[in-house]
Amino acid sequence: MTKLLKAALLAIVCFACIACSQEDSERSKVLKVYNWADYIDEDLIGEFENWYKEETGEEVKVIYQLFDINEVVLAKIEKGKDDYDVVCPSDYMIERMMRKDLLLPVSRDFGKTPNYIDSNVSPFIRELMSKMDAYGKNPLDYCVGYMWGTTGFMYNTDKVAKEDILTWNVLNNPKYAGQIYMKDAFRDVYLPILIYLKQKELNSGEISLDSLMYDSSDESIALVENYLKNIAPNIAGWEVDFGKEMMAKGNGAIDFTWSGDAGWAIEQASEAGVNLDFDIPDEGSNVWFDGWCIPKYAKNVKAASYFINFMCKQENSIRNMDAIGYVSVIGGDQMLALQEDSLKYPETVDASYFFGPDACNVHLNHVQYPDIKKIMKCGTMHDSGDRTDAMLAMWSRVKGDNVSTFTYIVIAVTVIVIAIAIYTAMKKKNRRRSRGKKGSKK
Ligand code: N2P
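Let us now look at the nonpolar core. Counting residues in each nonpolar core, the largest one holds 132 residues, and the members touching the most others are Leu 31, Phe 48, Trp 148, Met 182, Ile 254, Trp 292 and Tyr 369. Excluding residues within four positions of it along the chain, Met 182 makes contact with Leu 171, Val 189, Leu 228, Ile 231, Ile 235, Gly 237, Trp 238, Glu 239, Asp 255 and Phe 256.

Below, the discussion takes up the pairing of strand 8 (residues 254-258). Counting buried residues in strand 8 gives five out of five residues, a clear majority hidden from the surface. Inspection of the sheet shows strand 5 (residues 144-156) paired to strand 8 by five bridges, in the antiparallel sense. Considered in strand 8, the bridge of Thr 151 is made with Trp 258. As defined by bridge partners, strand 6 (residues 180-183) adjoins strand 8 across three bridges and the pair is classed as parallel. Looking at the pairing, Ile 180 lines up with Ile 254 of strand 8.

This part takes up the site of the ligand. Close contacts around the ligand come from Trp 36, Ala 37, Tyr 39, Ser 90, Asp 241, Trp 258, Trp 288, Asp 290 and Tyr 326, and that covers them all. Within the side chain of Asp 241, one N or O atom sits 3.0 Å away from a nitrogen atom of the ligand. Separating a nitrogen atom of the ligand from a side-chain N or O atom of Asp 290 is a distance of 2.9 Å. Considered class by class, the residues forming the shell around the ligand number six nonpolar, one polar and two charged.

On the surface, Ile 418, Ile 422 and Met 426 cluster together to form a nonpolar patch covering roughly 300 Å² of accessible area. Residue placement: Ile 418 occurs in helix 18 (residues 388-441).

Looking now at the sheet that holds strand 1 (residues 30-36). Overall, parallel pairing links the three strands, which are arranged 2-1-3 in an open sheet. Taken across any chain shown, the strands that pair with only one partner, and hence form the sheet edges, are strand 2 (61-67) and strand 3 (86-87). Pairing between strand 1 and strand 2: seven bridges, direction parallel. If you follow Val 30 over to strand 2, its bridge partner there is Lys 61. Sitting on the sheet, helix 2 (residues 43-56) touches strand 1 and strand 2, and the angle it makes with strand 2 is about 150°. In this fold helix 3 (residues 70-79) packs onto strand 1, strand 2 and strand 3, with an angle of close to 150° to the strand it touches most, strand 1.

Quick look at the domain arrangement of the chain now. Each assigned domain of the chain is listed here: domain 1 (29-142 + 290-320), domain 2 (150-284 + 383-403), domain 3 (337-376) and domain 4 (413-442). Placing the centre of domain 2 and that of domain 4 at their C-alpha centroids yields a distance of 52 Å.

So, about helix 7 (residues 186-197). Compared with the 16 Å implied by 1.5 Å per residue over twelve residues, the 16 Å span of helix 7 between its first and last C-alpha is a close match. Helix 7 sits mainly inside the fold: eleven of its twelve residues count as buried. Every buried residue belonging to helix 7 is among Phe 186, Arg 187, Asp 188, Val 189, Tyr 190, Leu 191, Pro 192, Ile 193, Leu 194, Ile 195 and Tyr 196, and all of these are buried.

Quick look at unusual backbone geometry now. Even without glycine at this site, Asn 120 takes up a positive phi of about 65°. Unusually for a residue other than glycine, Tyr 135 sits at a positive phi of about 45°. Residue Tyr 135 is classed as exposed on the basis of its relative accessible area of 61%.

Turning our attention to the side chain of Asp 215. Locating Asp 215 in the fold gives a position in the loop between helix 9 (209-212) and helix 10 (218-231). When residues no more than four places from it in sequence are discounted, the contact partners of Asp 215 are Tyr 190, Leu 194, Lys 198, Ser 220 and Met 381.

Calculation criteria
- Residues numbered from 1 in each chain as written.
- Predicted model: local features only at pLDDT ≥ 70, side-chain atom pairs only at ≥ 80, totals over all residues.
- Heavy atoms only, no water.
- Core = buried A, V, L, I, M, F, W, Y, C linked by side-chain atoms within 4.5 Å.
- Buried < 20%, exposed > 50% of the residue type's maximum accessible area, 1.4 Å probe, protein only.
- Contact = heavy atoms within 4.5 Å.
- Helix = DSSP H or I, 4+ residues; strand = E, 2+ residues; numbered from the N terminus.
- Pairing = 2+ DSSP bridges.
- Near = heavy atom within 4 Å.
- Polar contact = N/O pair within 3.5 Å; in protein donor to acceptor, adjacent residues only side chain to side chain.
- Nonpolar A, V, L, I, M, F, W, Y, C, P; charged D, E, K, R; others polar.
- Patch = residues over 30% accessible without salt bridge, like charges linked within 9 Å, V, L, I, M, F, W, Y side chains within 5 Å.
- Areas by Shrake-Rupley, 256 points an atom, 1.4 Å probe, with all protein chains shown as cover.
- Salt bridge = Lys/Arg side-chain N within 4 Å of Asp/Glu carboxyl O.
- Axes fitted to C-alpha atoms, helices over the stretch in contact; angles between N-to-C directions.
- Domains from an automatic or database assignment.
- Expected span 1.5 Å × (residues − 1).

Encoded structure:
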């Protein structure tokens, strides 16, 4: 190799190194957060940037992006092309990500900045999180709880009798045909319907709720699929975020939804004179949580852990709760005192599972903190591993069938309208022609 060639190669390598290090230093000023839509007090994003500067002396700009399905988050972080620094998936998806080795442990070392991450998290949530089965990994190292809730029915109390929604089979009640919105989230629908369909086995003790949380067998998928296909004509639409807005405006009668959406909609609706409530059917349901995680391909791990720490500050958790209607994982006496309101919630609930033994008769919002009797019948479903494709295929068949019924109706109506238009046009033409012939004979 000539001296000239060697020098040129060296220059190229140096240039590439400088470019890379410049890119790295630019990237360290950016924090990419990927969260559910309508799931944060957005003012906190800017406030975090200022707080980070105060705490570390470093600049950071948050790029905040939204998703509406857990599966999308997995697809994005799995390949590493989308280098998100913080994501907020749900229980079973966090379990799946840990199993696939896609997450980094969340650091609790913030130097002089206090660690807010583990303070006051309710033991109930800690237990739910610890049940994630990640082949020996401690889930509490990889995920920091954010919000939790249940799945049930939000309903318009002027249109629906409470006793009707105390069973999942209200989906089959002809009274509400065409007035029911369904959450477009396959796990959140599959699990409660499976619990409903397996009542006999659950009540006789033949199977336990815990074992059902692992059930994605062909037989169970087929059972749920069959049930969902039968009720498809009753469904007004599949929704992720618009159901709560529709219900708050007085549209629809029932929304199969998350408790947090109901928390938000009930407040909004009361301002508009619409009366909504939420309850969990007696057969039991899903209790879920969402948590902050740092993907393996994150580029700004430091700012990511500071962001998570900032969101765990008690005052910020409360601001997020107030803005979105969901419930923070934070328990403790101070949180209980802030949430209790005997005027707003004259009925009491037993929330000892969340706030400890003294909270067995407290004036809390039953939508946000259901009574222990309801919670005891709720479970958190696990990652289905290799069975996930079968679950997703069932889901697309169920939704596909629903779309095609609607599509068939649209096509049929369009064909009839076109046929009538052609028939009328031809009739007019014939009439004109025969009038023309008569005229020329004269
Ligand atoms: C908020 C979505 C909440 C997700 N739009 C519940 N797991």
